[in-house]
Structures are given as structure tokens and as C-alpha cells.
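Single-letter residue listing:
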Amino acid sequence: MGKVVMRYPGTVVQESWAAETPVRGDVNDLAALVGSGGVCVLSGAGMSTDSGIPDYRGPSSAARRHTPMTYEAFVHDPAARHRYWARSHVGWPQIERARPNPAHEAVAALQRTGLVETVITQNVDGLHQAGGARDVVELHGALARVVCLACRAESDRAAVQAELARVNPHFDAAVAGLRETQVNPDGDVELPSELEDAFTMIDCPACGAGPLKPDVVFFGESVPRPRVEECFHLVEQARSLVVLGSSLAVMSGLRFARAATRAGIPVAIVTAGPSRADDLAGVRLSSPLGEVLPALVRALGA
């Protein structure tokens, strides 16, 4: 058993679960389940690693040096908030340039055939939609939107980014060489403290106050209740729940696998490494999503 201690959006997990990844079934078994239709997909960070966006827990996140931003720090610590925006301003272009990979395209293809009915994603990168999926429920929000915590006005991240570039010409020049460094899962990069101090943040374009916050669920922040209830409804109406690229390490996603099991809805999991819901899965694969999902599409003629 392996001890996992990790802070994720909405909760803190400290629990032992299997260090070994079980394998139950193969692509044909997954095809038999998906081929019955009525599938609800629940995706996580593993969907986007092939698009150049690392996850929080896998090998792609091994070089991460600072802990992710928490809601408490962002809201109550102006210095932490300023530091986040400086780093995020540098990291955002890499998120914006990321493109859907074959796993995203396969989910969209299965949705077009009607086999996949609904998609819930824990990711904040918008790649499911860019890959052709529709009506995606973004459980943890989207980095492409910005919200003012004072007046609740929403802004497009691209517009905020352009204004930040306008008021930070010297900062942008100083960090130009850093824009090719590894972006962190929450859309920022590592910066020297002197560069963070040189960054100028803007006020809300609607009310002139702020502060501005990316429209995502930070660690320690709760997912809005109506969104959670919508996801429960989608899962409970499904014929099967297929989890893609998520360890379900926190309750934010795990609760939906447990709800499916309580309702007698079969669960399949395709993700690298152990999952906290491995004991719930009738089909459990550990192969790369970029291989499994295109193979699944071919097997189903989708």
C-alpha cells in the first residue's frame, strides 16, 4: 500500500491505497461496455499530458518545485496573489497554444456517434471542446475565463492577457526566454522573485477594483453546488461511467464513481498508475490514452 498525501481542489486527501495498478480486461472489454451507449465520460489531467500540460501527481509533474495556489492564499494574501498572476502571465501562452491530442479527438468521435452522451472534465484547459466535444461540464472551471471577486464580472482571459502585456512591456521582455519553460498544471511557471516583484497587475475592467481570479476551482475551494448536482444527475442517468486519465485521488471526482456504483452503473477506468476507485471498476486499463482511445474508436467503427 502507498500513502498518498496531496491537496487537490476542494479537499485534502490522506489515505492509503494500492500502489500497484490492477488490470482487468482489454480494449475489447472496454468496447463492449462503450458500445452499449449511454456513456458518461469523467476525465482528468491524464487526458492532456500528451498535449504538453503536466498533471499534478504523475511523472510529468516531478520537476514542480512550488505548491499549487490555494484559495485561502489567493483571496487573503495579496503577495501570493500577485506572485500567481506574474507566473500565470508567463505560463498562459503555453496553455493557449496547447492543442487537442488523439485522446480528446477520440472522445469527440465517440460523442458524435451517440455512444458517449456526456463529458465531465476535471481539467481547466478547454481541450475537450477544442477537440470537438460538446456540452462539456467543466467541474473545476476554465483558465480561459477570468472573474472579478468584487463585482463578479467575467472577462475573457485573452483580453486580460493583452492588457497585462500592455502595462508590462519591460516585464515581458525580461521573461521572453522563460516562455518555453515547463508550464505547471495550474498554468503558471517558476519565476525568480525579482521578476515577480517587477510585474504590474491590472484592476477589473468592469468595476475598476477586483481582485481578478481565473475562473477555476483552486485547491481548498469548493466546486459550486449546482455544478456538482448537475454532474451527479449526468452520472445517474448514464448506462456506464468511463473514467479517463484520473487517479480520482480526491473526493471531487471520486464521489461520482461511488455514486455510479451505488446506482448499479458499471465503471471503467483507463489511467496510468493506481486509482482510488480501482476496486469499483469492472474494466481497468493502464495503457496510454493516446493508444487506447483511438483503438477503441476503431473497434467500434466510430
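Above this text is the structure in question.
Keep in mind that this is a model prediction, so the values were computed, not measured.

Peer 1: Could you clarify how one ought to interpret the sheet that holds strand β7 (residues 154–156) in this entry?
Peer 2: Hydrogen bonds between backbone groups are what pair the strands of a sheet, and the pairing can be parallel or antiparallel. Spatially, β7-β6-β8 is the arrangement adopted by the three strands of the open sheet, whose pairing is antiparallel. Each edge of the open sheet carries a strand with a single partner, namely β7 and β8 (212–216). Averaged over all pairs of adjacent strands, the angle between their axes in this sheet comes to 45°, without regard to strand direction. Looking at chain direction, strand β6 (residues 141–148) and β8 are connected through four bridges and run antiparallel. Opposite Val147, over in β8, you have Lys213 as the bridge partner. Helix α6 (residues 157–167) rests against β6 and β7 of the sheet, and its axis sits at about 75° to β7.

Peer 1: Hey, could you run me through the pattern of salt bridges in this one?
Peer 2: One side chain can pair with another of opposite charge once the charged atoms of both are near each other. The tally for this structure, following the rule as stated, stands at seven salt bridges. In this structure, Arg166 and Glu163 form a salt bridge, with 2.7 Å as the shortest nitrogen-oxygen distance. Linking Arg166 with Glu163, this pair stays in helix α6, spanning three residues, or about one helical turn. Given the relative accessible area of 57%, Arg166 is considered exposed. In this structure, Arg225 engages Glu229 in a salt bridge whose closest nitrogen and oxygen atoms are separated by 3.6 Å. Of the two residues, Arg225 and Glu229 are both situated in helix α9 (residues 225–236); the distance of four residues between them amounts to about one turn of the helix. Classification of Arg225 as partly exposed rests on a relative accessible area of 48%. Accessibility expressed as a relative area gives 45% for Glu229, which makes it partly exposed. Each of Glu138, Arg145 and Asp215 takes part in a single network of salt bridges with overlapping partners.

Peer 1: Please clarify how the side chain of Arg284 should be interpreted in this entry.
Peer 2: With respect to the secondary-structure elements, Arg284 resides in strand β11 (residues 283–285). Here Asp278 takes part through its side chain, which lies 2.4 Å from a polar atom of the side chain of Arg284.

Peer 1: Sorry if this is basic, but what is going on with the nonpolar core here?
Peer 2: Buried together is how nonpolar side chains tend to be arranged in soluble globular proteins. Within the largest apolar cluster, 29 residues are counted, with the highest numbers of intra-cluster contacts made by Tyr84, Trp85, Leu143, Phe171, Leu191 and Leu212. At the level of elements, α3 (78–97), β6, α6 and β8 are the ones that each hand at least two residues to this core. A per-element tally of this core places α3 first, with seven residues. With sequence-adjacent residues up to four places away left out, Phe171 is seen in contact with Ala86, His89, Val90, Leu191, Leu195, Ala198 and Phe199. Ranked by size, the runner-up nonpolar core spans 28 residues in total, among them Val39, Val41, Met47 and Leu293.

Peer 1: Hey, could you run me through the side chain of Lys213 in this one?
Peer 2: Relative to the helices and strands, Lys213 is located in strand β8. On the accessibility criterion, Lys213 (3% relative accessible area) is buried. At 2.5 Å, the side chain of Lys213 and the backbone oxygen of Val216 are in polar contact.

Peer 1: Can you help me understand empty space enclosed by the protein in this one?
Peer 2: In this structure the tally under the stated criterion is two cavities of 30 Å³ or more. Considering only enclosed or pocket space, the largest cavity measures out at about 60 Å³ in volume. Leu30, Val34, Val39, Val41, Val107, Leu110, Val116, Val242, Leu244, Leu293 and Leu296 are the residues that line the largest cavity. At the level of elements, α1 (27–34), β3 (39–43), α4 (102–112), β9 (240–244) and α11 (289–300) are the ones that each hand at least two residues to the lining of the largest cavity. Considering only residue class, the lining of the largest cavity consists of 11 nonpolar, no polar and no charged. If you add up the space inside the second largest cavity, you get close to 30 Å³. Every residue lining the second largest cavity is listed: Thr121, Asn123, Asp125, Gly126, Leu127, His128, Gln129 and Glu138.

Peer 1: Even after reading the chapter, I still don't get the sheet that holds β3, so can you show me in this structure?
Peer 2: Spatial ordering of the open sheet is given by β5-β4-β3-β9-β10-β11, a layout of six strands whose pairing is parallel. Each edge of the sheet is formed by a strand with only one pairing partner; in this case those strands are β5 (136–138) and β11. Within this sheet the neighbouring strands show an average axis-to-axis angle of 15°, counted without direction. Judged from the three bridges that link them, strand β10 (residues 267–270) and β11 form a sheet pairing that is parallel. Among the inter-strand pairings, Ala268 is bridged to a residue of β11, identified as Val283. Those strands touched by α9 are β3, β4 (116–121), β5 and β9, and its axis lies near 140° from that of β5.

Peer 1: How do you make sense of unusual backbone geometry when you look at a structure like this?
Peer 2: With the exception of glycine, most residues fall at negative phi, and the peptide bonds are largely trans. Following Gly210, the chain continues to Pro211 via a peptide bond in cis, the omega torsion being 10°. For Pro211, the position within the fold is in the loop between α8 (193–198) and β8. You will see that Arg152, though not glycine, has its phi angle at about 70°, which is positive. Mapped onto the elements, Arg152 comes out in the loop between β6 and β7. For Arg152, a relative accessible area of 53% corresponds to the exposed category.

About the cut-offs
- Residues numbered from 1 in each chain as written.
- Predicted model: local features only at pLDDT ≥ 70, side-chain atom pairs only at ≥ 80, totals over all residues.
- Heavy atoms only, no water.
- Pairing = 2+ DSSP bridges.
- Helix = DSSP H or I, 4+ residues; strand = E, 2+ residues; numbered from the N terminus.
- Axes fitted to C-alpha atoms, helices over the stretch in contact; angles between N-to-C directions.
- Contact = heavy atoms within 4.5 Å.
- Salt bridge = Lys/Arg side-chain N within 4 Å of Asp/Glu carboxyl O.
- Buried < 20%, exposed > 50% of the residue type's maximum accessible area, 1.4 Å probe, protein only.
- Polar contact = N/O pair within 3.5 Å; in protein donor to acceptor, adjacent residues only side chain to side chain.
- Core = buried A, V, L, I, M, F, W, Y, C linked by side-chain atoms within 4.5 Å.
- 1 Å grid on protein atoms, 1.4 Å probe; cavity = no way out; pocket = protein on both sides within 12 Å on 5 of 7 lines; lining within 4 Å.
- Points joined across faces, edges and corners; volume = space filled by probe spheres on them.
- Nonpolar A, V, L, I, M, F, W, Y, C, P; charged D, E, K, R; others polar.

Worth remembering: the numbers are spatial, not functional.
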